[in-house]
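Breakdown of the fold
The primary structure of each chain is shown beneath.
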Amino acid sequence: MILKDLEIDKAWTLFLDRDGVINKRLIGDYIKTWDQFEFIPGVPEAMKIFGSLFGKIIVVTNQQGVGKNMMTEEDLLAIHAKMNEAITDAGGRVDKVYFSPHLENEGSFLRKPGIGMALKARRDFPGIILKKSVMVGDSKSDMIFGHRCNMKTVFIAGDKMVLRQNHKIIDFSFPNLLSFAQTL
């Protein structure tokens with residue numbers, strides 16, 4: 001199967017991870033302020049392309065920095081507001097951002113690879129059909145999340161070992177978000 005076979009149109013939903021896909025990840029730390037947030041090159045352009053293709057664009061992100069009290073939920077919401085503003089200014093859009101503040105060891109259904117954020121999105125946007133959705137992420141948990149939801153999965157850059165070990169749950173792989181967008 002190739003991407004063109006999916007026939008992406010406004011009936012499709014794009015789910016995106018944030019750290020490592022939209023913005024540069026801080027290894028061993030968390031983005032706690034807007035000053036630390038840095039778009040990965042090409043992301044604003046990719047978001048503009050996605051906006052013309054997908055009916056809904058949803059960000060789903062684990063943010064245990066909130067659960068660890070390293071930042072507040074208000075801090076996170078402010079970062080997301082500025083991220084959305086920058087994406088809109090570039091001609092793109094994000095319809096909604098969902099996040100899980102839960103710690104990994106809590107086993108929350110909301111934290112990826114749990115599917116709670118996808119179910120919340122489907123509740124908030126009843127037109128979302130998970131089988132007509134694409135999950136883009138840079139981690140194994142993102143790919144498991146997408147696979148559990150019957151979405152097509154796109155693995156971005158990340159660890160090539162993850163790609164090799166999880167090839168059965170990864171439908172497509174690209175070095176970055178822009179290269180994926182340009183292929184559509």
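The shown structure was predicted, so the numbers you read here are calculated from the model rather than taken from an experiment.

A few words on unusual backbone geometry. The omega torsion of the bond from Lys112 to Pro113 falls at 20°, within 30 degrees of zero and hence cis. Among the secondary structure elements, Pro113 is positioned in the loop between β3 (96–100) and α4 (116–124). For Glu7, which is not a glycine, the phi torsion comes out positive at approximately 50°. Structurally, the position occupied by Glu7 is in the segment before β1 (13–16). Here Asn69, not a glycine, exhibits a phi torsion of approximately 60°, which is positive.

Okay, the pairing of β3 next. Among the five residues of β3, four are classified as buried, and the element is accordingly described as predominantly covered. Here five bridges tie strand β2 (residues 56–62) to β3, and the two strands are oriented parallel to one another. Bridging from a neighbouring strand, Asn62 pairs with Ser100 of β3.

Here we come to the sheet that holds β1. Strands sit in the order β3-β2-β1-β4-β5-β6 across an open sheet of six strands; the sheet is parallel. Edge strands, defined here as strands with exactly one partner in the open sheet, are β3 and β6 (172–174). When the angles between neighbouring strand axes are averaged without regard to direction, this sheet yields 20°. Pairing of β1 with strand β4 (residues 133–137) involves four bridges; the strand directions are parallel. Its bridge partner lying in β4, Leu14 is registered against Val134. Across the sheet, helix α3 (residues 73–89) lies against β2 and β3, angled at about 150° from β3, the strand it touches most. Helix α5 (residues 140–148) rests against β2, β4 and β5 (152–156) of the sheet, and its axis sits at about 170° to β4.

Here is what the cut-offs are and how they apply
Residues numbered from 1 in each chain as written. Predicted model: local features only at pLDDT ≥ 70, side-chain atom pairs only at ≥ 80, totals over all residues. Heavy atoms only, no water. Helix = DSSP H or I, 4+ residues; strand = E, 2+ residues; numbered from the N terminus. Buried < 20%, exposed > 50% of the residue type's maximum accessible area, 1.4 Å probe, protein only. Pairing = 2+ DSSP bridges. Axes fitted to C-alpha atoms, helices over the stretch in contact; angles between N-to-C directions. Contact = heavy atoms within 4.5 Å.

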